[in-house]
Amino acid sequence: MYSRISLLRGRANSFKKLVFVGRKYDLRGGSPLSPGCGLSPINSTTCGRFLGRFWGESRSYSTAGEGESIEYDVVIVGAGPAGLSAAIRLKQICRENDSDLSVCVVEKGAEVGAHILSGNVFEPRALDELLPQWKNEEAPIHVPVSSDKFLFLTKNHAISLPSPFNNKGNYVISLSQLVQWMGTKAEELGVEIYPGFAAGEVLYDNDTVVGIKTNDMGISKDGSKKETFQPGVALKGRITLIAEGCRGSLSETLMKKFNLRERGNGQHQTYALGIKEVWEIEVNKHKPGSVIHTLGWPLDNKTYGGSFLYHMYNRQISLGLVVALDYQNPYLNPYEEFQRFKHHPAIKPLLEGGNVLQYGARTLNEGGFQSIPYPVFPGGAIIGCSAGFLNVPKIKGTHTAMKSGMLAAEAAFSTLHEGSSMEVYWDALRRSWIWEELRQARNYRPAFEYGLIPGLGMSALENYIFKGRLPFTLKHGKPDHEATDVAKQHTPIEYPRPDGNISFDVPTSLHRSNTNHGHDQPPHLHLKDPAVPEQVNLPEYAGPESRYCPARVYEYVPDEEGKLKLHINAQNCLHCKACDIKDPKQNIQWTVPEGGGGPGYSVM
Ligand SMILES: Cc1cc2nc3c(=O)[nH]c(=O)nc-3n(C[C@H](O)[C@H](O)[C@H](O)COP(=O)(O)OP(=O)(O)OC[C@H]3O[C@@H](n4cnc5c(N)ncnc54)[C@H](O)[C@@H]3O)c2cc1C
Ligand code: SF4
């Protein structure tokens, strides 16, 4: 693990205090820090003075009421590919221009990468631009794609189709590991990364965003302060970049407050849920770089989705099922579909004799070009999958997330140094290859609104003939939460019991996700109206939250009178955000829990 300046150091299992840990040298090449300041709780007054000296004029530290306030030039929320690319690019431009900007990144995972789940077949285009020397710098990108197969599955057969993917020059990686490495690169350039701290609130000055506040820590379930209470810290930025990934909670607030979707003439966003395991398989079955995608079984013809199977290194494979969240049947259970999928005759033999290393789930954007919001708000911008730059036919969003972060960094620098405005990020986006890529791919996903076969036909035409040149743009169907039918239109689905070798129950899988939240903290899953689950979701939709949640957070259990009541096991939450998206009445609101909680991924 890399060392870090960590003013706000978070760890999932140890309560956080304001501490200085790690490097004892000035990142601008100045004098070493006083050894007395290392590894000890900060007295805010002393350290305020100290930090003022250390950071120079561009940053100051103060206590405002109960909480501390730290000022930066740029505050970035989320240490994913987008946030870290923005941070790295900012520091690079500073070096190129012989200037400096203070940049901090706040990350809710206990470690950088701990909340990152992806496929991942990695297209290195943005990384080539950002860190062209990456091949010489021990980047965890070792396995070039060696073969590309596309299969249509029926219950018992696998039919090979021409692969629409062109993964030549791409790599099979763990994105969680790539961002850990990017974190070290960012720190080497002087970026301050604070893992274990969740940005819970946007700070405004009138209607301009002036930073974020991290969540208070040490609050008990009933709202009282525990002995360990520490107020949240205001991280104030002259510019704030939001890089929370798909369905970010602050991003959603900002998009609503500033009407960004309407301003960008964007349609609603559409989503899918990806459920994934990393397996270690028998050596004779392992083919590093082999990439397989499937469509069809176990999903029905009306449900868009498919599987991915990527051979990594060290006998590891990345295996997952992606299910579009506009599915109609409320009895569908994406977790169980994935368990069933692994028993297909084309998949099961590969897994036999192997074992699961990690499990997790995460949503991804599918709205593409039609759903891009205006990504600039007063005081900052939204980057990466929070804005929704994933290319659906490629199933790739890492390279576009990174590039959007780089463009926003360039806009931030010119705003702070040359007096332009963040609007230039929007212009740069529309001139960039992200725009061209997403525009070309725009009709692929909505074509599947008409079912699997028309969708396949249309996507083949787009891919091989029209290449985005059709003179129209298809619209998305209903938002995902409105797509769920009432239960009486469907019959319950009987899923097979897990066999404990290939398929597993939820508690076993959860254990493999290393998920952990402090039990005695305010719930981070809010019901806007607590009556809706029992009065609407259960009678009308047969309680779909008990099935779409891949961590069984929502359970209907009988009360003393035998009536079914919704019980929320918030501590199991994988931060996938499916409930925030799919709840039929949009009654569930996902907010960030105390920092450091949630999954602990390392190879996802
Ligand atoms: C199942 C699946 C398969 C995929 N396969 C591929 C693939 O093969 N190739 C590809 O290129 N892309 C793939 N993608 C897409 C890719 O993972 C995303 O496009 C990419 O991760 C987006 O990067 P990001 O930085 O925008 O967001 P993320 O990677 O989601 O990172 C966001 C970070 O912000 C943190 N965060 C969020 N909110 C807060 C907050 N309030 N406070 C503090 N921290 C916060 C999160 O913990 C996280 O670390 C896949 C995605 C999924 C789900
Ligand atoms: S509670 Fe919501 S965010 Fe958490 S795992 Fe379940 S569906 Fe995902």
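Residues numbered from 1 in each chain as written. Chains lettered and ligands numbered in written order. Predicted model: local features only at pLDDT ≥ 70, side-chain atom pairs only at ≥ 80, totals over all residues.

I'd like a rundown of the packing of helix H2 (residues 81-96) against helix H4 (residues 175-188), residues and numbers included.
The N-to-C vectors of H2 and H4 enclose an angle of 20°; their axes lie 9 Å apart at closest approach. Of the possible angle classes, the one that applies to H2 and H4 is roughly parallel. Both H2 and H4 take part in a crossing whose hand is left-handed. Along its contact with H2, which presents Pro-81, Leu-84, Ala-87 and Ile-88, the element H4 presents Val-179, Met-182, Gly-183, Lys-185 and Ala-186. A per-class count over the contact of H2 with H4 returns 7 nonpolar, 1 polar and 1 charged. (Axes fitted to C-alpha atoms, helices over the stretch in contact; angles between N-to-C directions. Helix = DSSP H or I, 4+ residues; strand = E, 2+ residues; numbered from the N terminus. Parallel < 35°, antiparallel > 145°, perpendicular 65-115°, else oblique. Left-handed = near helix turned anticlockwise from the far one by under 90°. Contact = placed C-beta atoms within 7 Å. Nonpolar A, V, L, I, M, F, W, Y, C, P; charged D, E, K, R; others polar.)

So what about the pairing of strand E7 (residues 158-161)? Which residues, and what values?
With 4 bridges joining them, strand E6 (residues 147-153) and E7 adopt antiparallel strand pairing. Bridge pairing in E7 links Phe-152 to Ile-159. Hairpin connection, E6 to E7: the antiparallel pair is bridged by 4 residues. (Pairing = 2+ DSSP bridges.)

Tell me about the site of ligand 1, residues and numbers included.
For ligand 1, the set of nearby residues contains 46 residues, the closest of which are Gly-80, Gly-245, Gly-274, Gly-384 and Gly-397. Contributions of two or more residues to the shell around ligand 1 are made by H2, strand E3 (103-107), strand E4 (121-122), helix H5 (249-257), strand E15 (271-280), strand E18 (316-324), strand E19 (355-365) and helix H9 (398-418). Residue composition of the shell around ligand 1, grouped by class: 22 nonpolar, 18 polar and 6 charged. (Near = placed C-beta within 6 Å.)

Explain the sheet that holds strand E16 (residues 290-296) to me, using residue names and the numbers behind them.
Read from one edge to the other, the open sheet built from 7 strands follows the order E7-E6-E16-E17-E18-E15-E19, with strand pairing classed as mixed. The sheet is open, and its two edges are formed by E7 and E19, each paired on a single side. Mean inter-strand twist for the sheet, computed between neighbouring axes without regard to direction, equals 20°. Here 7 bridges tie strand E17 (residues 305-311) to E18, and the two strands are oriented antiparallel to one another. Residue His-311 lies in a different strand from E18, and its bridge partner there is Ile-317. Strands in contact with helix H7 (residues 334-341) are E15, E17 and E18; relative to E18, the strand with the most contacts, it is inclined by about 135°.

Break down the site of ligand 2 for me, citing the residues and quoting the values.
Near ligand 2 there are 13 residues, and of these Cys-549, Val-553, Cys-573, Cys-576 and Cys-579 occur at the shortest range. Taken together, the residues that form the shell around ligand 2 break down as 11 nonpolar, 1 polar and 1 charged.

Explain the pairing of E6 to me, using residue names and the numbers behind them.
Sheet topology places E6 next to E16; 7 bridges connect them, and they run parallel. In the sheet register, Leu-153 faces E16, and the bridge partner there is Gly-296.

Would you mind going over H2 in detail, with residue names and values included?
Compared with an ideal rise of 1.5 Å per residue, which puts 16 residues at 22 Å, H2 spans 22 Å between its outermost C-alpha atoms and is within 8% of the ideal. Buried residues in H2 make contact with strand E2 (67-77), E3, helix H3 (125-130), H4, strand E14 (234-242) and H9. Asp-98 sits one or two positions beyond H2 and adopts a positive phi of about 50°. (Expected span 1.5 Å × (residues − 1).)

Could you give an account of helix H11 (residues 433-440), with specific residues and numbers?
All of the buried residues in H11 are Ile-434, Glu-437 and Leu-438. For H11, the angular spread of buried residues about the axis comes to 90°, placing them on one side. Looking at the packing, one finds that the buried side of H11 touches H9 and helix H10 (423-431). (Buried ≥ 20, exposed ≤ 12 C-beta atoms within 10 Å, placed from the backbone. Arc of directions from axis to C-beta.)

So what's going on with the environment of Trp-279? Residues and values would help.
Turning to its location among the elements, Trp-279 is positioned in strand E15. Exposure remark for Trp-279: the 20 C-beta atoms within 10 Å place this residue in the buried category. Sequence separation between Trp-279 and Arg-315 is 36 residues; the distance between their C-alpha atoms is 8.1 Å. In this structure Trp-279 touches Gln-316, Ile-317, Leu-319, Leu-351, Gly-354, Asn-355, Val-356 and Leu-357, once residues within four positions along its chain are discounted.

Please give an account of the sheet that holds strand E5 (residues 143-144) that cites residues and values.
The strand order across the open sheet built from 3 strands is E4-E8-E5, with neighbouring strands paired in antiparallel fashion. Whereas interior strands pair on both sides, the edge strands pair on one side only; in this sheet they are E4 and E5. Two elements, E4 and strand E8 (residues 171-172), share 2 bridges in a ladder whose sense is antiparallel. Residue pairing for E8: Phe-122 is matched across the bridge by Tyr-171.

Any details on the environment of Leu-130? Residues and values, ideally.
For Leu-130, the location among the structural elements is in helix H3. Residues Leu-130 and Ile-88, 42 residues apart in the sequence, show an inter-C-alpha distance of 8.0 Å. Excluding its chain neighbours within four sequence positions, the residues that come into contact with Leu-130 are Ser-85, Ile-88, Arg-89, Met-402 and Met-406.

Describe the confidence of the model for the protein, and please don't skip the residues or the numbers.
With 89% of its residues at a pLDDT of 70 or more, the protein has an overall mean of 89. For the stretch residues 1-7, pLDDT sits under 50, and the model shows 19 contacts to residues farther than four places along the chain or on other chains. A low-confidence stretch, residues 9-59 (pLDDT under 50), is modelled with 81 contacts involving residues beyond four sequence positions or located in other chains. (pLDDT = per-residue confidence, 0-100.)

Help me get a handle on unusual backbone geometry, residues and values and all.
Omega for the peptide link from Gly-119 to Asn-120 comes to 10°, which places this bond in the cis form. Looking at the element boundaries, Asn-120 is found in the loop between E3 and E4. The omega angle of the peptide bond from Trp-297 to Pro-298 is 10°, so this bond is cis rather than trans. Within the secondary structure layout, Pro-298 lies in the loop between E16 and E17. Phi at Asp-98 takes a positive value of approximately 50°, unusual for a residue other than glycine. For Asp-98, a count of 6 C-beta atoms within 10 Å gives the class exposed. Even without glycine at this site, Arg-247 takes up a positive phi of about 55°.

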